[in-house]
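Single-letter residue listing:
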Amino acid sequence: MPELPEVEVTRRGLAPQLIGRVISGVAVREPRLRWPVPRDVLALAGRTVRTIRRRGKYLLLDCGDGHLILHLGMSGSLRVLPPGTPAQKHDHFDLLLGDRMLRLRDPRRFGAVLWIAGDARAHPLLAHLGVEPLSSAFNSGRLYSLTRAHRTAIKQFLMDGRRVVGVGNIYASESLFRARIDPRKPAKKLSMEQCRKLSQAVKLTLRGAIRAGGSTLRDFVGADGAAGCFQQRYWVYDRAGQKCRRCRSSVVRKLQQGQRSTYYCPSCQKR
Ligand SMILES: [Zn+2]
């Protein structure tokens, strides 16, 4: 499933391909995505893609008077292709831009293609999203104040998109390991120092994943644009039963938190 780093890598790959280009047409082959593709989308021709932003896992193509909102869902990918490239089974949406087109492939159809006139932040799907972890607004003070009212475990707090957006299961485990915080610790019990370490760890972890995905950027130019080939070396994620890479003495443990697996080192992340 595409996570924040994959979406950010996608954004960076698409930006130089699309920004400044005029939309020349739209093709919707399957409007039944996670939400029906609105008819407004069919009337986008003539608008210019001014910039591409990301909010959480949503890509926002700024068209001046509104935004085309794209989400990759569980299985979506975006590619830039020559116009006229034959569509395959799961190629549901094309945005034509003169000598190239942006194509959404989404076998499971949990992705989204939406339009909002004006400010994208006002869209109901975006309005309640939490702080962006890679922004300067996400810092020790902000994390400290955000966590005060929550006795839920810090791992689950981090993964709650209404608090902090886009920190998925892998990145939550990895960040807590880097910050040496027990994933079960109640969020409100974190000290200011722990909030400082954790906010930095989240940024480091996400940036590392974005860098690891950077090698897929070239795919957006060619025919095969599968983003999200992240060959990362994890500290604890998916390493239950193996020796901790830091302390080299304890064994990484796995536990369940809210139906999700959490990985941690009982020595490095003491209660
Ligand atoms: Zn350890």
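Residues numbered from 1 in each chain as written. Predicted model: local features only at pLDDT ≥ 70, side-chain atom pairs only at ≥ 80, totals over all residues. Heavy atoms only, no water.

Asker: Can you tell me about the nonpolar core, naming the residues and giving the values?
Answerer: Residues L68, L95 and L102 are the most contacted members of the largest nonpolar core, which totals 26 residues. Listed by contribution, the elements that provide at least two residues to this core are α1 (4-18), β3 (58-62), β4 (66-71), β5 (77-81), β6 (91-97), β7 (100-105) and β8 (112-117). In this structure L95 touches I23, G25, V26, L44, L61, L68, R100, M101 and L102, once residues within four positions along its chain are discounted. Counting 24 residues, the second-largest nonpolar core is a separate cluster that includes L4, A172, A179 and A187. (Core = buried A, V, L, I, M, F, W, Y, C linked by side-chain atoms within 4.5 Å. Buried < 20%, exposed > 50% of the residue type's maximum accessible area, 1.4 Å probe, protein only. Helix = DSSP H or I, 4+ residues; strand = E, 2+ residues; numbered from the N terminus. Contact = heavy atoms within 4.5 Å.)

Asker: Could you give an account of the sheet that holds β8, with specific residues and numbers?
Answerer: An order of β2-β3-β4-β8 is seen for the 4 strands of this open sheet, with the pairing classed as antiparallel. Two strands bound the open sheet, and with one partner strand each, they are β2 (51-55) and β8. Neighbour to neighbour, the strand axes of the sheet diverge by 25° on average, direction disregarded. Where α1 meets the sheet, its contacts fall on β2 and β3, and the angle it forms with β2 comes to roughly 175°. (Pairing = 2+ DSSP bridges. Axes fitted to C-alpha atoms, helices over the stretch in contact; angles between N-to-C directions.)

Asker: Outline a nonpolar patch on the surface, supporting the account with residue identities and numerical values.
Answerer: There is a patch of nonpolar side chains on the surface, built from M1, M74 and F110 and spanning about 290 Å² of accessible area. One can find M1 in the segment before α1. Its relative accessible area of 55% is what places M1 among the exposed residues. (Patch = residues over 30% accessible without salt bridge, like charges linked within 9 Å, V, L, I, M, F, W, Y side chains within 5 Å. Areas by Shrake-Rupley, 256 points an atom, 1.4 Å probe, with all protein chains shown as cover. Salt bridge = Lys/Arg side-chain N within 4 Å of Asp/Glu carboxyl O.)

Asker: Before we move on, can you summarise the sheet that holds β7 with the specific residues and values?
Answerer: Taken in spatial order, the 4 strands of this open sheet run β1-β6-β7-β5, and their pairing is antiparallel. On the outer flanks of this sheet lie β1 (25-28) and β5, each paired with one strand and no other. Ignoring which end each strand starts from, the neighbouring axes of this sheet average 15° apart. In terms of strand pairing, β6 meets β7 through 6 bridges, oriented antiparallel. Across the sheet, L96 pairs through a bridge with M101, a residue of β7. Where α1 meets the sheet, its contacts fall on β5, β6 and β7, and the angle it forms with β5 comes to roughly 25°.

Asker: How would you sum up a positive patch on the surface? Please name residues and give values.
Answerer: A contiguous patch of positive charge, built from R180, K197, R246 and K270, is present on the exposed surface. Among the secondary structure elements, K197 is positioned in helix α5 (residues 192-213). (Lys, Arg positive; Asp, Glu negative; His and termini not counted. Charge placed at Lys NZ, Arg CZ, Asp CG, Glu CD.)

Asker: Describe the coordination of the zinc ion, naming the residues involved and giving the relevant values.
Answerer: Summarising the metal site, the zinc ion is bound by the protein donors C244 (SG), C247 (SG), C265 (SG) and C268 (SG), whose distances to it range over 2.2 to 2.4 Å. Coordination geometry of the zinc ion: the 4 donor atoms subtend angles of 101 to 114° at the metal centre, consistent with an arrangement described as tetrahedral. In the primary sequence, the donor residues of the zinc ion line up as C-x2-C-x17-C-x2-C. (Donors = N, O, S within 2.8 Å, 3.2 Å for Na, K, Ca; no water. Tetrahedral: all angles 85-135°; square planar, octahedral: opposite > 155°, others 65-115°.)

Asker: Tell me about the packing of aromatic side chains, and please be specific about residues and values.
Answerer: Tallying each qualifying case throughout the model produces 3 aromatic pairs. Taking 5.4 Å as the distance between ring centres and 25° as the angle between the ring planes, the aromatic pair formed by F177 and W235 counts as stacked. Separated by 58 residues along the polypeptide, F177 in helix α4 (residues 169-178) and W235 in the loop between α5 and β9 (253-257) bring together distant segments of the chain. Residue class for W235 comes out partly exposed when judged on its relative accessible area of 30%. Three or more aromatic residues link up through ring pairs in this structure, and these residues are Y234, Y237 and Y263. (Phe/Tyr/Trp six-rings, centres within 6.5 Å; stacked < 30°, edge-to-face > 60°.)

Asker: Could you give an account of the packing of α1 against α5, naming the residues involved and the relevant values?
Answerer: Taken N-terminus to C-terminus, the directions of α1 and α5 make an angle of 50°; their axes are 9 Å apart at the nearest point. With respect to each other, α1 and α5 are oriented oblique. As for how α1 packs across α5, the hand of that crossing is right-handed. Contacts from L4, P5, E8, V9 and R12 of α1 reach α5 at L206, A209, I210 and G213. Considering only residue class, the contact of α1 with α5 consists of 6 nonpolar, 1 polar and 2 charged. (Parallel < 35°, antiparallel > 145°, perpendicular 65-115°, else oblique. Left-handed = near helix turned anticlockwise from the far one by under 90°. Nonpolar A, V, L, I, M, F, W, Y, C, P; charged D, E, K, R; others polar.)

Purely spatial values, then, with no claim about function.
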